[in-house]
Amino acid sequence: MFSMLTETLLGRTFLGYLLMFAVPLILPALFVKLIGFQGLRHLFSYEPKDTAIHRVDPRLKIVYPVVIGILSVILNWFYVFLLLGVSLIPWLILRPSLARIRVTLTMAITPVIGMIWSQGMFYGYHPGVHYLFVFPWTIRWFGSVGLSIEGLYYGAEQAGRMLVPASASLILLLSTKPSDIIWAFYKFRFPPVAGFAFTVALRFLPQMIERVTLLQKAMQVRGYDLSKPRWWQLNQWAGYLRRVFGSIPTITMALLIQSLRTTSVMALVADARAFGSEKQRVTLQEYQSTSADRIGWGALAALVILVVGLVSMHIGNRQL
Amino acid sequence: MPDITIEGLSFWYPGSSNPVLRSLDLKIAEGEFVLVAGASGCGKSTLALAAAGLIPTRVQGFIEGGVRFGGKAISDMQVHEISQQIGMVFQNPDNQIIHLDVESEVAFGPENLGLPRSEIAGRVDQALRMTGMEAFRKRSTFSLSGGQKQRITIAAMLAMKPKVLILDEPTSDLDPVGTQEVLKVLKELNRIHDMTIILVEHKIDEVIEWVDRVLLMDQGSVVVDSPPRQAFRNLQTWDSLGVIVPQMVRLAAGLPDIFGSNVPLSVEEAASALRGSNCVKWLSRNAVPPVPLQPCETTVLDWDNVQLAYDNLQVLHDVNLQISSGEWVALVGANGSGKTSLASLVMGFQAPTGGSVSCMGKPVCVGDISMQAQKVAYLFQAADNMLFESTVQREFGFGFRHRRKGLDGMKYTIEQLLEIVDLTDLKERNPFHLSHGQRKRLAIGALLASAPQAMILDEPTTGQDDGHAALFLEFLQQLRGKLGLTYLMITHDMISVANYASRVVVLRDGKVQMSGHPAYVFAQGTQLAASGVVPPPVARLHSMLTEGACPSVCLNVGQFLQAIKSEEALLHV
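From a predicted model like this one, the values you see are computed outputs, not experimental measurements.

**Some details on a nonpolar patch on the surface**
All names here are of chain A.
- A cluster of nonpolar residues, Ile26, Leu30, Leu34, Leu98, Ile101, Leu105, Ile109 and Ile113, forms a patch on the protein surface that exposes about 680 Å² of accessible area.
- Residue assignment for the nonpolar patch shows that the elements contributing at least two residues are helix H2 (9-34) and helix H8 (98-122).
- With five residues, the top contributor of residues to the nonpolar patch is H8.
- The topology assignment puts isoleucine 101 in helix H8.

Below, the structure written as structure tokens:
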């Protein structure tokens, strides 16, 4: 049976199409099944808790993803995954909720699989590239020679490089109150407006997701069919996807109009509360440096020194 | 404390030739509690924005005349300077909260002013104390109820230490409990802290007893400017503008022999005047004829032992409810009691975690909303969310264009639908250029395209003034008669329930507490209070006068007067 799949043109064609289309079809389904649109609100919102990560200096939490992102660029893929391991330590301390873990993992794993798969498929033809599977001529029209080992490796490396700053950035969003972000922006002498915009975006994202859901419901109540076919109703999926994509302009326009109305009130409120009226802004909470901060800054500095040291000794640096 | 003086104020929005405010001259003295009333579009909100200094600095338009605060022209002041004198609170608290926790939200304004940290802390403490929100200091703003959120927006303004607070319909999105919370805070700010309050509000019944002065506006002018007891001397003025006067005022006008020139502003005042009269005896005897519930003939909507939970939160507990063909059922209860969740199950928005939900005898297919919409229509609270097209006519076309394949043809043509909702003359108009009530009618017309047999009305009167709300409900009543529709209405508006519902179902913590004709349900004041429901003033008066001994109460002033006058007539026979 297996030899029939790998040795006959028909079997190889079947395998080829399966390899080519299974991942792009499964990934969106995986995303919808595990997260759905509503689940996104768990990804980008503050989760109030009393952990060491919550208490740590907000400035450190802003610097951390920037620094770790730069480090991930200069390291090779093996060391990038070690760095990814390091970036998971704050998550262990943070102990996020199950809903958050599910959403974060799905959001992380979905592009990782996509990236590894796409690089494996489209790494290109180079001398010395090894293929796990070479496509028969019946699928060559798609522009890929086959599934290459080097491509998969490269995809994994890129995925690791993407995951490290993403993991670090989400720590900031999950554990930092917007007021602390504004404070940190102010301390860094960034324009307060930037911090304010960031805060308002965080504040409104869950609301915007709610609104999209509401608009989708309203369209369906008006007779627009967005009901999902069962997985075996293959003939209905094309129509369903067409309707989903067809609904996007309608929902976007309604969302835009509503958001403009909301933000105009918010702008009036910000003005009425004297935002931007004084150059010198004072915060109610003055951040008191703690031992956790000192440990955090120390750990980050040690990590930077370690990586720079390793790279200067040509250990773990990228081969350009 | 300085006065607010409005001198010859006129205002035009860009592109409009008609002024929204017309040569207004007003003086609001320090410590006054002023109620600004009027039909939608009369200029109340514009007046509030102008008095708060947001016109013309932040809201563009052409202005004549001006506003002075303590002798100083507001137009010469920066917005942040004004906000330390005059604070403004808007309608929807969700659009006004910037931060994710209460303390940061209240501290935001003083922080922006660059005040010393001790001063900021003091102001936050004081503002939270004045609004009764100290216990919520560390809470996330997402976890607050509507009333609590609005109290936080008030606290955030109070932290700016204004001398005047202007509020533009601050309770319109709140349930009765939230409304009372906010109004109580305003009363205390005025009475205890001597703050000047200017309140733009449609819920006149609930606030009238606390205000010092009433301004009734029409087409940008003030047509009544009096203390509350004198403001209602000429009820025709109010009626002609479609502004509903408090029920106790209307009652007093119907019983001049008892009330004379004393206008009661609260149920307690009316009760005190009526106690010495024969009314109490007559009301106790045969106030309202018993209204039997119609026998259940054809069940249209059926919830059988329904349970619903979100993670660990149980929202509905063993709900058994049947709605028969032709009924107008009002679903009432405090926010969070499960009203919208209960209704959403019948649209297939979500599946119950226990029990079953059926519609016209068939189980509801969860997720297949467009199919369910063929049988049941759902009018969202914000009908604007249901409008997607550029003209009224195209809006009706939406349903025709996107109708599912395999269904029967449409029962109505676009022309018929336009006629049903009385929008034929406006068919080329942009939906967002229609009035609030017209937009609601348009949304209903769009829903009727599939000829549903039942309609769920989620807060159908919210955002409309009393006059327009009454017109809209009358329209729904006529539609019901014409098309034989069954209504399930989710509402906090008990006067609408009293006037239109054939049955009222009270939900409390996800359980059905009471179900029956409004005349009987509104007689159960204690149980209703526990469920966060406040009966209409006339029903409360009836219960108060009969000391809760009557099994049923009058639902409107007309019934009350009729009950008294029929007895009176008998005496004279």
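**Overview of the interface of chain B and chain A**
- Taken together, the 59 residues of chain B in the interface contact 46 residues of chain A.
- Approximately 5000 Å² of surface area, both sides summed, lies buried where chain B meets chain A, with 63% of it carried by carbon and sulfur atoms.
- In this structure, the connection of chain B to chain A is made through six salt bridges.
- Across the pair arginine 261 of chain A and aspartate 384 of chain B runs a salt bridge whose closest N-O atoms are separated by 3.8 Å.
- At the surface where chain B touches chain A, the tally comes to 17 residue pairs in polar contact (both at pLDDT 80 or more).
- Those elements giving two or more residues to the side of chain B that touches chain A turn out to be helix H2 (79-82), helix H3 (102-112), helix H4 (117-130), helix H5 (146-158), helix H15 (369-372), helix H16 (392-401) and helix H18 (436-448) of chain B.
- Sorting elements by how many residues they give to the side of chain B that touches chain A places H3 of chain B first, with eight residues.
- Taken together, the residues of the side of chain B that touches chain A break down into 31 nonpolar, 15 polar and 13 charged.

**So, the packing of helix H5 (residues 58-74) of chain A against helix H6 (residues 77-87) of chain A**
All names here are of chain A.
- Running from N to C, H5 and H6 cross one another at 160°; their axes reach a closest spacing of 10 Å. Relative to H6, H5 is oriented roughly antiparallel. The handedness of the crossing between H5 and H6 comes out as right-handed. For the pair H5 and H6, contact is made by Tyr64, Ile68, Leu71 and Ser72 and by Val80, Leu83 and Ser87, respectively.
- Each residue belonging to the contact of H5 with H6 can be placed in one class, and the counts come to five nonpolar, two polar and no charged.

**Here we look at the domain arrangement of chain A**
- Its domain assignment divides chain A into domain 1 (1-176 + 288-320) and domain 2 (192-282).
- Taking only C-alpha atoms, the centre of domain 1 of chain A and the centre of domain 2 of chain A are 28 Å apart.

**Some thoughts on H8 of chain A**
- The terminal C-alpha atoms of H8 of chain A, which comprises 25 residues, lie 36 Å apart, in line with the 36 Å expected from a rise of 1.5 Å per residue.
- With its phi angle positive at about 100°, glycine 124 of chain A sits one or two positions after the end of H8 of chain A.

**Some remarks on the pairing of strand S18 (residues 486-490) of chain B**
Residue and element names in this part refer to chain B.
- Within S18, five of the five residues are buried, which leaves it mostly tucked inside the rest of the structure.
- Both faces of S18 are covered, namely the face carrying Thr486, Leu488 and Ile490 and the face carrying Tyr487 and Met489.
- Bridge count for strand S17 (residues 454-458) against S18 is five bridges, and the pairing is parallel. Across the sheet, alanine 454 pairs through a bridge with threonine 486, a residue of S18.
- Remark: the S17/helix H19 (residues 466-483)/S18 crossover connection has right-handed handedness.

**Concerning empty space enclosed by the protein**
- Overall, the coordinates contain four cavities of 30 Å³ or more when judged by the stated rule.
- Lining the largest cavity are Val221, Arg222 and Gly223 of chain A together with Ala373, Gln374, Gly399, Arg403, Met410, Ala446, Leu447, Ala449 and Ser450 of chain B.
- A per-class count over the lining of the largest cavity returns six nonpolar, four polar and two charged.

**Examining the domain arrangement of chain B**
All names here are of chain B.
- Here chain B is partitioned into domain 1 (4-245), domain 2 (250-287 + 558-572) and domain 3 (326-347 + 369-516).
- On a C-alpha basis, the centroid separation for the pair domain 1 and domain 2 is 36 Å.
- On the domain 2 side, the residues contacting the seven residues of domain 1 number seven residues.
- For domain 1, the biggest contributors to the area lost against domain 2 are Glu209, Arg229 and Leu235; these three give 62% of the whole.
- At the boundary of domain 1 and domain 2, one finds two salt bridges.
- Among the salt bridges present, the one from aspartate 239 reaches arginine 250, with a minimum N-O distance of 2.6 Å.
- Inspection of the region where domain 1 meets domain 2 yields three residue pairs in polar contact (both at pLDDT 80 or more).
- Among the secondary structure elements, those contributing two or more residues to the side of domain 1 that touches domain 2 are helix H8 (228-231) and helix H9 (235-240).

**Examining the sheet that holds strand S1 (residues 4-12) of chain B**
Residue and element names in this part refer to chain B.
- Pairing is antiparallel in the open sheet, where four strands are placed in the order S2-S1-S4-S5. Looking along the sheet, the strands with just one partner apiece sit at the ends: strand S2 (21-28) and strand S5 (72-73).
- In the sheet, strand S4 (residues 62-69) pairs with S5 via two bridges, with the strands oriented antiparallel. Within S5, the residue paired with arginine 68 across the bridge is alanine 73.
- Together, S1, S2 and S4 form the strand contacts of helix H1 (residues 44-51), whose direction differs from that of S2 by roughly 55°.

**What about unusual backbone geometry?**
Residues and elements named next belong to chain B.
- In this structure, proline 56 follows isoleucine 55 across a cis peptide bond, with omega equal to 5°.
- Tracing the sequence through the fold places proline 56 in the loop between H1 and S4.
- One non-glycine residue with positive phi stands out, namely aspartate 422, at about 55°.
- Mapping aspartate 422 onto the fold places it in the loop between helix H17 (414-420) and H18.
- Taking the relative accessible area as the measure of exposure, aspartate 422 reaches 57% and is therefore exposed.

**A closer look at the environment of valine 280 of chain B**
Residues and elements named next belong to chain B.
- Structurally, valine 280 can be placed in helix H13 (residues 279-286).
- Overall, valine 280 belongs to the buried group, its relative accessible area being 17%.
- The spacing of valine 280 and methionine 544 is 264 residues in sequence and 9.6 Å in space, taken between C-alpha atoms.
- Residues in contact with valine 280, not counting those within four places in the same chain, are Leu274, Arg275 and Leu545.

**What about the sheet that holds strand S19 (residues 503-508) of chain B?**
All names here are of chain B.
- In space, the six strands of this open sheet follow the order S16-S17-S18-S13-S19-S20, with mixed pairing throughout. Since the sheet does not close on itself, it has two edges, and those belong to strand S16 (376-379) and strand S20 (511-516), each with one partner. Pairwise comparison of adjacent strand axes, ignoring direction, gives a mean angle of 15° for this sheet.
- Here S19 runs beside S20; their pairing, made up of five bridges, is antiparallel. Across the sheet, valine 506 pairs through a bridge with methionine 514, a residue of S20.

Thresholds, definitions, all that
Residues numbered from 1 in each chain as written. Chains lettered and ligands numbered in written order. Predicted model: local features only at pLDDT ≥ 70, side-chain atom pairs only at ≥ 80, totals over all residues. Heavy atoms only, no water. Patch = residues over 30% accessible without salt bridge, like charges linked within 9 Å, V, L, I, M, F, W, Y side chains within 5 Å. Areas by Shrake-Rupley, 256 points an atom, 1.4 Å probe, with all protein chains shown as cover. Salt bridge = Lys/Arg side-chain N within 4 Å of Asp/Glu carboxyl O. Helix = DSSP H or I, 4+ residues; strand = E, 2+ residues; numbered from the N terminus. Contact = heavy atoms within 4.5 Å. Buried area = accessible area lost by both parts, 1.4 Å probe. Polar contact = N/O pair within 3.5 Å; in protein donor to acceptor, adjacent residues only side chain to side chain. Nonpolar A, V, L, I, M, F, W, Y, C, P; charged D, E, K, R; others polar. Axes fitted to C-alpha atoms, helices over the stretch in contact; angles between N-to-C directions. Parallel < 35°, antiparallel > 145°, perpendicular 65-115°, else oblique. Left-handed = near helix turned anticlockwise from the far one by under 90°. Domains from an automatic or database assignment. Expected span 1.5 Å × (residues − 1). Buried < 20%, exposed > 50% of the residue type's maximum accessible area, 1.4 Å probe, protein only. Pairing = 2+ DSSP bridges. Right-handed = clockwise from strand over helix to strand, strands pointing away. 1 Å grid on protein atoms, 1.4 Å probe; cavity = no way out; pocket = protein on both sides within 12 Å on 5 of 7 lines; lining within 4 Å. Points joined across faces, edges and corners; volume = space filled by probe spheres on them.

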